[in-house]
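Remarks on the overall topology
If you want the building blocks of each chain, they are given just below.
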Amino acid sequence: MDELLKEFGREQKDLIHILHKVQSEYGCIPAPAVPRIAEHLNITPNEVYGVLTFYKAFRLQPPGKYTVTVCQGTSCHVRGGAAVFAEVKKQLGIGAGETTADRMFSLETVNCFGCCAIGPTVVVNGRYHSQVRVADVGPLLARYRSRP
Amino acid sequence: MKKLTDPSDLTAWKARLAEQRPVRQKTVVVSNGTCGRASGSSAVIEALSRILEERGLQEAIGLEVTGCHGFCEREPNIVILPDGLFYGPLKPDDIPRIVDQTLLKNKVIPGLVYKDPRTRRAFHLLKDIPFYRKQMRLLTGDNVRIDPDRIEDYILADGYQALSRALFDMTAEEVIREVDASGLRGRGGAGFPTGKKWQFCRNETADRRYIICNADEGNPGTYMDRSILTANPHCVIEGMIIGAYAIGAAEGTIYVRMEAPHALGQVTLARDQARKVGLLGRSILGSEFHFDLHIVEGAGAYVCGEETSLIASIEGYRAVSRQRPPFPAQSGLWGRPTNINNVETWANVPLIIRKGAEWYSRIGTAQSKGTKIFSLVGKIRNGGQVEVPMGTTLREVITDIGGGIKDGKKFKAVQTGGPGGGFLPAEFLDLPIDYDSLVKAGSTMGSGGMIVLDETTCMVDLARHYMHFTQEESCGKCVPCRVGTKQIHDILVRITRGEGKEEDLAELEELAETVKEASLCGLGQGAPNPVLSTLRHFRGEYLEHIKHKRCPAGVCGELSPPARKGARKRKHG
Ligand SMILES: Cc1cc2nc3c(=O)[nH]c(=O)nc-3n(C[C@H](O)[C@H](O)[C@H](O)COP(=O)(O)O)c2cc1C
Ligand code: FES
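Being a predicted model, the structure only gives us computed values, none of them experimental.

1. Section: helix α1 (residues 7-20) of chain B
Residues and elements named next belong to chain B. An ideal rise of 1.5 Å per residue puts 20 Å on 14 residues; α1 measures up with 20 Å between its terminal C-alpha atoms. Among all positions of α1, only Leu10, Trp13 and Leu17 are buried. End-on view of α1: buried residues confined to an arc of 60°, all on one side of the axis. Tucked inside the fold, the buried residues of α1 contact α6 (151-156) and α7 (161-169).

2. Points about the nonpolar core
Formed by 66 residues in total, the largest nonpolar core has its most connected members in Tyr160 and Val236 of chain B. Ranked by residue count, the leading element in this core is helix α11 (residues 233-247) of chain B, at 10 residues. If sequence neighbours within four positions are ignored, Tyr160 of chain B has contacts with Leu10, Ile151, Tyr154, Ile155, His234, Ile237, Glu238, Ile241, Ala274 and Leu279 of chain B. Core analysis: the second largest hydrophobic core is formed by 44 residues, Ile37, Ile43 and Val48 of chain A together with Cys478 of chain B among them.

3. Side note on the side chain of Arg226 of chain B
Tracing the sequence through the fold places Arg226 of chain B in helix α10 (residues 224-231). Judged by its relative accessible area of 5%, Arg226 of chain B is buried.

4. Description of the sheet that holds strand β9 (residues 292-297) of chain B
Residues and elements named next belong to chain B. Taken in spatial order, the 4 strands make up an open sheet running β9-β8-β7-β10, and their pairing is parallel. In this open sheet, the two edge strands, each paired with only one partner strand, are β9 and β10 (338-342). The average undirected angle you get between the axes of adjacent strands in this sheet is 20°. When strand β7 (residues 210-215) meets strand β8 (residues 251-256), the two strands line up parallel, connected through 6 bridges. What sits directly across from Tyr210, in β8, is Glu251. On the sheet, helix α12 (residues 261-276) packs against β8 and β9 and is oriented at approximately 165° with respect to β9.

5. Comments concerning the pattern of salt bridges
With the rule as written, the count across this model stands at 41 salt bridges over all chains. Notably, a salt bridge pairs Arg133 of chain A with Asp136 of chain A, separated by 2.9 Å at the nearest N-O pair. On the basis of relative accessibility, which here comes to 23%, the residue Asp136 of chain A falls in the partly exposed class. A salt bridge links Asp207 of chain B to Arg336 of chain B; the shortest N-O distance between them is 2.7 Å. With Asp207 of chain B in the loop between α9 (194-203) and β7 and Arg336 of chain B in the loop between α13 (307-314) and β10, this pair connects stretches of sequence that are 129 residues apart. Through salt bridges with shared partners, one network takes in Glu46, Arg50, Glu54, Arg55 and Asp100 of chain B.

6. A few points about the packing of aromatic side chains
Residues and elements named next belong to chain B. For the structure shown, the criterion picks out 20 aromatic pairs over all chains. For the ring pair Phe131 and Tyr132, a centre distance of 5.0 Å and an interplane angle of 85° mean the geometry is edge-to-face. Across the pair, Tyr132 and Phe131 agree in class, each one buried. Plain terms: the ring middles of Tyr245 and Phe289 are 5.5 Å apart, the flat faces sit at 80° to each other, and that makes the pair edge-to-face. In this pair, Tyr245 is assigned in helix α11 and Phe289 in the loop between α12 and β9, connecting sequence segments 44 residues apart. Here the two residues Tyr245 and Phe289 agree in accessibility, since each one is buried. Chaining the aromatic ring pairs together yields one cluster made of Phe71, Phe86, Tyr114, Phe131 and Tyr132. In this arrangement the basic side chain of Lys372 is found over the ring face of Phe374, its NZ or CZ atom lying 5.6 Å from the centre.

7. Comments concerning the interface of chain B and chain A
Contacts between the two partners involve 55 residues from chain B and, on the opposite side, 36 residues from chain A. Summed over both sides, the interface of chain B with chain A buries roughly 3,600 Å², with 61% coming from carbon and sulfur. A salt bridge links Glu473 of chain B to Lys56 of chain A; the nearest nitrogen and oxygen atoms lie 2.4 Å apart. Taken together, the links from chain B to chain A amount to 18 residue pairs in polar contact (both at pLDDT 80 or more). Secondary-structure elements contributing two or more residues to the side of chain B that touches chain A are α2 (34-39), β9, α13, β11 (371-378), β15 (449-454), α18 (459-473) and α24 (561-572) of chain B.

8. Regarding the domain arrangement of chain A
The domain architecture assigned to chain A consists of domain 1 (2-54) and domain 2 (66-145). Domain 1 of chain A and domain 2 of chain A are separated by 30 Å when their C-alpha centres are compared.

9. Describing the sheet that holds strand β4 (residues 85-87) of chain B
Residue and element names in this part refer to chain B. Taken in spatial order, the 4 strands line up as β2-β1-β3-β4 in an open sheet, and their pairing is mixed. The two strands at the open ends of the sheet, each matched to only one other strand, are β2 (61-66) and β4. Sheet twist, expressed as the average angle between the axes of neighbouring strands with direction ignored, equals 20°. Across the sheet, helix α4 (residues 95-105) touches β1 (26-31), β2, β3 (78-81) and β4, and the angle it forms with β3 is around 30°.

10. As for the site of ligand 1
Residue and element names in this part refer to chain B. If you check the shell around ligand 1, you find 19 residues, and the closest are Gly188, Lys197, Asn341, Asn342 and Thr345. Take Asn214: an N or O atom from its side chain is 3.0 Å from an oxygen atom of ligand 1. Bound to the protein, ligand 1 loses 88% of the 610 Å² it would expose on its own. Counting residues per element, the ones that place at least two in the shell around ligand 1 are β10 and α21 (522-526).

11. So, the pairing of strand β14 (residues 422-425) of chain B
Within a regular beta strand, the side chains point alternately toward one face of the sheet and then the other, so they alternate between its two faces. All names here are of chain B. Covered by surrounding structure in β14 are Gly422 and Leu424 together with Phe423 and Pro425, the residues of both alternating faces. Two strands pair when backbone bridges link them, and strand β13 (residues 411-416) and β14 are joined in this way by 4 bridges, in the antiparallel orientation. Pairing of Val414 across the sheet is with Leu424, part of β14. Linking β13 back to β14 in an antiparallel pair, the connection comprises 5 residues, with Gly417 at a positive phi of about 90°.

12. Quick look at helix α6 (residues 134-145) of chain A
Residue and element names in this part refer to chain A. Its 12 residues give α6 an end-to-end C-alpha distance of 18 Å, which sits within 8% of 16 Å, the value for a rise of 1.5 Å per residue. Residues of α6 that are buried: Val137, Gly138, Leu140, Leu141 and Tyr144. Here the buried face of α6 lies against β1 (66-71), α5 (74-92), β2 (105-110), β3 (122-124) and β4 (127-129).

13. Overview of the environment of Glu59 of chain B
Considering the arrangement of structural elements, one finds Glu59 of chain B in the loop between α3 (41-54) and β2. Accessibility expressed as a relative area gives 65% for Glu59 of chain B, which makes it exposed.

14. Digging into the packing of α5 of chain A against α6 of chain A
Packed helices, taken two at a time, are described by their axes: the angle between them and the distance between them. Residue and element names in this part refer to chain A. It is the contact of α5 with α6, at a shortest axis distance of 9 Å, that shows an interaxial angle of 45°. Of the possible angle classes, the one that applies to α5 and α6 is oblique. Of the two possible hands of crossing, α5 and α6 adopt the one that is right-handed. For the pair α5 and α6, contact is made by Ala83, Val84, Glu87, Val88, Gln91 and Leu92 and by Val134, Val137, Gly138, Leu141 and Arg145, respectively. Here the contact of α5 with α6 is composed, by residue class, of 7 nonpolar, 2 polar and 2 charged.

Cut-offs and rules
- Residues numbered from 1 in each chain as written.
- Chains lettered and ligands numbered in written order.
- Predicted model: local features only at pLDDT ≥ 70, side-chain atom pairs only at ≥ 80, totals over all residues.
- Heavy atoms only, no water.
- Helix = DSSP H or I, 4+ residues; strand = E, 2+ residues; numbered from the N terminus.
- Expected span 1.5 Å × (residues − 1).
- Buried < 20%, exposed > 50% of the residue type's maximum accessible area, 1.4 Å probe, protein only.
- Arc of directions from axis to C-beta.
- Contact = heavy atoms within 4.5 Å.
- Core = buried A, V, L, I, M, F, W, Y, C linked by side-chain atoms within 4.5 Å.
- Pairing = 2+ DSSP bridges.
- Axes fitted to C-alpha atoms, helices over the stretch in contact; angles between N-to-C directions.
- Salt bridge = Lys/Arg side-chain N within 4 Å of Asp/Glu carboxyl O.
- Phe/Tyr/Trp six-rings, centres within 6.5 Å; stacked < 30°, edge-to-face > 60°.
- Lys NZ or Arg CZ within 6 Å of the ring centre and 35° of its normal.
- Buried area = accessible area lost by both parts, 1.4 Å probe.
- Polar contact = N/O pair within 3.5 Å; in protein donor to acceptor, adjacent residues only side chain to side chain.
- Domains from an automatic or database assignment.
- Near = heavy atom within 4 Å.
- Areas by Shrake-Rupley, 256 points an atom, 1.4 Å probe, with all protein chains shown as cover.
- Parallel < 35°, antiparallel > 145°, perpendicular 65-115°, else oblique.
- Left-handed = near helix turned anticlockwise from the far one by under 90°.
- Nonpolar A, V, L, I, M, F, W, Y, C, P; charged D, E, K, R; others polar.

Next up, the structure:
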């Protein structure tokens, strides 16, 4: 953590950059990191929490092995994205922002991935799946589940 | 490579690159934007490079990987230069045939060329395909020639010539006058004249000024900005350097939406290359002008697209908007005069300086100049990135370029302007697309989203969808937006569940007007528009839900379940 913070400046403007970096290192913003970041920037832990909870990017809990992100954007919505999202929720048995008990999958939503013309779009750990139909959801999740 | 310390270095560099350019019989260009990657372009690239190597053709035939060619529906696709033959969508298995027949024997493979789904006519060349024919790709046309990893490709496409001209042949005031005379208006939504905005910022007395490129692109269903940044990042950087010179800024920031990782990577690489050759930093091209660029990654908040929130976010705070005035041009980033423009606005600047305001202002309509890029998406046959001159009609874009509605369905409306915009039903299809016509028709240009809807879209559900979005994305600072959007959303949810009352419509209208009038920033002020617009054009559909507990489109789950099942199935066709 100290090593990581050393790379960054000590001004308020560095806060979001630091949070991005911490999350990419640890998968989330671990609670003990917050006072350390606050100290580095000479602000209060509350101020750090204020910022990190405002932005959707940051999470306080580590994600599952696979993060399934379903696009809820308008183009995907009118192309059947709502039904795809409902199916993913049903199959995983969790809602957005949650992680399955076996820590295999976390479910997230996003408001557009930028491949709207070929939606509905589902992204799993950064890998894009386009034109996803309800019937594709089961096999898609099964493929990830059975990966070594 | 040595730093460029004189404008003649740039000219010499370009000449050297042109001379060294390998002579090739043919070059295969693979579109590798977000849609391309999502559709499997990496496997196509891999197959191409493997087979070219196996056949010993690496020297004779070029392989270029570029950003998006625009035709997202037909990804992965390739263009074969110099002829401009277009093949797509492709599978890796198609590659051996392409190499053996087309690249080596010049034979066109009929199964891979584009066939118009309506007329079944085949088109070999990109320029003849109806999707491209009516476009005017001033900003996006170079995409097939530019590998965004290579600044050299941009230099060969006359890159940074406009900057050189601005720095050495024009005063800052002259640059502003040129941009003003071009008639360029902001592409981020409001359509404010760019030259005027620059002048305001320049006029402020201050020890320093900043410029910002708004690449937050938060409107769901729009992706022009990240495509520009991914496919041709240097044109945005060049536009910003010219703008900084005109305004008198020494630092700039590009704020890139978090959900656009490719764009972030490409523009960062481009920035680093520009620094390395002396196009950013101290004494650009040997002039007395210094300018550097920072790149900031957003963190997933729609309100960051609003300029005062964007500034708060760059400063490291919660992205909460504030009252204007003071406008950012007076007091922006760290309290200094700040000029914010959209990605596409910046991308137009080099073109204007290179070709002149007089040339530029001949494109478009009286009040809206140049071209505009649209994300043509939704229930459209040929979805993709479309660049057309201002004044093109909706019908030309949707029918001629977009090929009409998918799956043989009927056109219902087109949504423009994102969550603050509106819906235009069939009677508006002949409307020319420009800032003022769209506003007059009850919608807005927004940043260029064009979401086409067919009969299987429920307008009440879609209004609910938008309100769900805005009430979640409201920054929470002002009450009308925070509470009002939630109240509107809850009423819409009730209606879609068959629990609506007739009084709800009047209440929706009243709430909508209040939120519109009383909200602090553009997010709240625009939020009720989808509701007002659907109430205006599709009131009957609301009444069906309320009075007959029926969803005519068969979307609203709790209403008319048999219709729903069929509709959902058809939707995925
Ligand atoms: C809620 C909200 C979201 C916005 N999102 C964006 C955006 O994503 N990109 C953008 O360029 N402008 C966006 N704008 C408009 C900007 O506030 C600003 O007007 C624009 O960036 C100015 O640049 P331009 O003059 O080049 O259009 C948004 C405005 C509001 C109110
Ligand atoms: S709306 Fe889903 S990718 Fe854009």
